[in-house]
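So the chains spell out like this:
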Amino acid sequence: MKNYGIDIWSNNDFFIDEGVVKVNHASCPSLYEITKKIRDTGIRGPILLRFPHLIKKQIDSLFSEFNRAIKSFEYKGRFNAVFPLKVNQFPNFVSSLVDIAKEYNYGLEAGSKAELIIAMAYNNKNAPITVNGFKDKGMITLGFIAAKMGYDTTLTIEGLGELENIIEAAKEYKDPIPNIGLRIRLHSSGIGIWAKSGGINSKFGLTSTELLEAVELLKKNDLLDRFTMIHFHIGSQIGEINPVKKALREAGNIYAELKKMGAKNLNNINLGGGLAVEYSQHEHIHNRNYTLTEFTNDVVFLLKEIATQKGVDEPDIFTESGRFIAASHAVLITPVLELFSQEYTEKGLRLKKHNPPLVQELYDLYKTINPSNAIEYFHDSLDHMESLLTLFDLGYIDLQDRSNTEILVHLIIKKAIELTKDKDRYELKRIQDRVQERYLLNFSLFQSLPDYWGLGQRFPVMPLSRLDETPTRSASLWDITCDSDGEIDFNVERPLFLHDVDLKKEEYFLAFFLVGAYQEILGMKHNLFTHPTEVTVEFDEDGNYRLEKMVEAQSILDILYDLDYDINEIQSNLKQLIAASSCEDKERLLEILSILLHENNYLKIEVKKDG
Ligand SMILES: *Cc1c(COP(=O)(O)O)cnc(C)c1O
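Notes on the structure in this doc start here. Computed from a predicted model, the values in this text were never measured in an experiment.

Basis of the calculations
Sequence order as written defines residue numbering, which begins from 1 separately in each chain. Selection of residues for local features in this predicted model requires a pLDDT of at least 70, selection of side-chain atom pairs for listing and counting requires 80 or more, and totals for whole chains, interfaces and linings are taken over all residues. Remark: hydrogens and water are excluded; side-chain values derive from all non-hydrogen atoms of the structure. Only DSSP runs of H or I reaching four residues or more are called helices, and only runs of E reaching two or more are called strands; each is numbered from the N terminus. Each residue gets one of three labels from its accessible area relative to the maximum for its type: buried under 20%, exposed over 50%, partly exposed in between, using a 1.4 Å probe on protein chains only. Within this document, salt bridges are pairs made up of a side-chain nitrogen of Lys or Arg and a carboxyl oxygen of Asp or Glu, the two lying within 4 Å of each other. Two strands qualify as a pair provided DSSP detects at least 2 bridges between them. Helix axes are fitted only over the stretch in contact, all axes being lines through C-alpha atoms; the angle between N-to-C directions runs from 0 to 180 degrees. Like charges are joined within 9 Å and nonpolar side chains (Val, Leu, Ile, Met, Phe, Trp, Tyr) within 5 Å, but only among residues with over 30% relative accessible area and no salt bridge; these make up the patches. Computed with a 1.4 Å probe, the accessible areas rest on the Shrake-Rupley method; for each residue, only the protein chains presented here act as cover. Within this scheme, the nonpolar core is defined by two criteria: the residues are buried Ala, Val, Leu, Ile, Met, Phe, Trp, Tyr or Cys, and they are joined through side-chain atoms within 4.5 Å. Throughout, the edges of the domains are those of an automatic or database domain assignment. Any two residues having at least one pair of non-hydrogen atoms within 4.5 Å are treated as being in contact.

**Description of the environment of P357**
Structurally, P357 is set in helix 12 (residues 357-368). Its relative accessible area of 65% is what places P357 among the exposed residues. C-alpha separation for the pair P357 and P176, spaced 181 residues apart in sequence, amounts to 91 Å.

Shown next, in the form of structure tokens:
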């Protein structure tokens, strides 16, 4: 896996050249160069890079693929879309998105009052706003205010109670009344770890009986002409196309039936989200079995077929894809702080004049290992290690011998990996499992990759440099929280290999890709590690890049303030304790304390260069 599966997950957004990973856009800067430039300003700890051109690329492909399919099937409906804010509400993401959205008339979807306020404040004037999720009177009122501001607003009803509140609000606020959408409860559901949003037992949507009741209620209150959309969402990251087709058939028929019942302004089918992202970096595992072209063709074709069969107008197609739009725009850069067995080098050996025979034999194995005996010597070294550890427990060899054993076995296994490459796959896997190197990364997995912690979702990861060298260490990744869950294990089925770097001589960074959807807002402040420093990378007309909108990770005082600590009290307590102590350099300690309180919580470790 020398290219870290970049051809599988990166969608040509990044490429490897001259040993580094580069942005496939404009002047094609390397991520290493960008990272260095940010660190030159004194920033330490993890960095989240945002690339607005990748937001544009995704929006553009969504619209152009749907419009292509519409044209090629001579479909009479149009395509519209909104971005679901729950996927990423961070201001620097939203401001880039809204800028780009203008030319597509791409709008925003809100699932709570706070998200609706973001949409009302920043959405482009003529672009749609849809409002989903459970709604109280306040949220419905906000929807009416949005309509009065001139936004093309649709309130999607999740239950009949909400409809009653809308009917009341319509009486109170009068025209313009927002459009009304009905979320339908399908018997089809999605698959995979995010599949809970669909199906007959799902948390959301109206059953057939409730739909009939809703239409009657609307009719009775003279609001049926406000009913413009049916909505469903069968779950996020739908990896296979079949459940989508099944749901569409069901929704298409419900649409046609409702039209026939007199819902004459019903002209939108909203498919929700679910468009999947390919996260895999391994050839034998794929997270998505369809392309966007196939997806759009299927949607347009199926809806056309149903409309023709049932003799109703072809509906406009509406989507709320979030993951697909946002995932690729953000890359998390994490500095490697330590390799735990870095001391296992030949230099670390403390061989004696007379070593125990088995240690001497290990040394001989190490010196004579070659491609034809590598596997055999690997086995021998493991045997010897077992025996030597037993000898240690029984008191026959000393700590120095034991240390030599550890080092030699490590060196032999590393050499065996290098010498066998992909010759004997099964044995190689066993070897790799034996010599995992633990890479300590300056980041919090809970803060920056919460879906790994919560759902086991893997994100593509690769080093920023040395990509012209074969990596030989099977790697497990550790974060800096004091929690044993803060680890990404080495997995023989999806192995990650990294380089054997000497951090005293060079810096080594890992990048996690496709982290722009959900991760930021779901991130937890475990151990009080907060959102990493973020930087937006913009390209100007000449293709040069600029680093914009830097937001440094919160200072320790800000973190404590957010937790509702009285930070004045904290500071005065600390001062008093120092004043009351018997130490001599009080002034200096206060100064240091003040500097540390204003720095962020991530580790600030400088690489110490040898000589
Ligand atoms: C979460 C959600 C979306 C976005 O789903 P993605 O899988 O991120 O595209 C769209 N619509 C609704 C109603 C949602 O709840």
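**Some words on the pattern of salt bridges**
Tallied over the entire structure, the rule returns 31 salt bridges. For D17, the salt bridge goes to K22, with nearest N and O atoms at 2.9 Å. By relative accessible area, which is 30% here, D17 ends up partly exposed. Among the ionic pairs, D316 bridges to R78, the shortest N-O distance being 3.2 Å. Here D316, found in strand 11 (residues 316-319), pairs with R78, found in the loop between helix 3 (52-72) and strand 4 (79-84); they are 238 residues apart in sequence, far enough to count as distant. Taking the relative accessible area as the measure of exposure, D316 reaches 10% and is therefore buried. Salt bridges linked by common partners bring K414, E437, R473 and D500 together as one network.

**Regarding the sheet that holds strand 6 (residues 128-131)**
Strand pairing in a sheet is mediated by backbone hydrogen bonds. Such pairs are either parallel or antiparallel. Reading around the circumference, 4-5-6-7-8-9-10-11 is the order of the 8 strands in this closed barrel, with parallel pairing throughout. Averaged over all pairs of adjacent strands, the angle between their axes in this sheet comes to 25 degrees, without regard to strand direction. Bridge count between strand 9 (residues 227-231) and strand 10 (residues 268-270): 3 bridges; the pairing is parallel. By the bridge assignment, M229 is partnered in strand 10 with N268.

**Some thoughts on a nonpolar patch on the surface**
A contiguous nonpolar patch, built from L589, I592 and L596 and spanning about 220 Å² of accessible area, is present on the exposed surface. Tracing the chain through its elements places L596 in helix 21 (residues 586-597).

**Brief notes about the nonpolar core**
Core analysis: the largest hydrophobic core is formed by 144 residues, its most contacted members being F14, L31 and L477. Here this core gets 9 residues from one element, more than from any other, and that element is helix 9 (residues 241-260). A domain-level breakdown of this core finds at least three residues from each of domain 1 (2-50 + 331-341 + 434-551) and domain 2 (70-327). Look past the residues within four positions of L477 in its chain and what remains in contact with it is Y439, L441, V461, G486, E487, I488, L496, L498, L510 and F512. Core analysis: the next-biggest nonpolar cluster, separate from the first, contains 23 residues, Y344, A374, V409 and V435 among them.

Keep in mind these values describe shape, not function.
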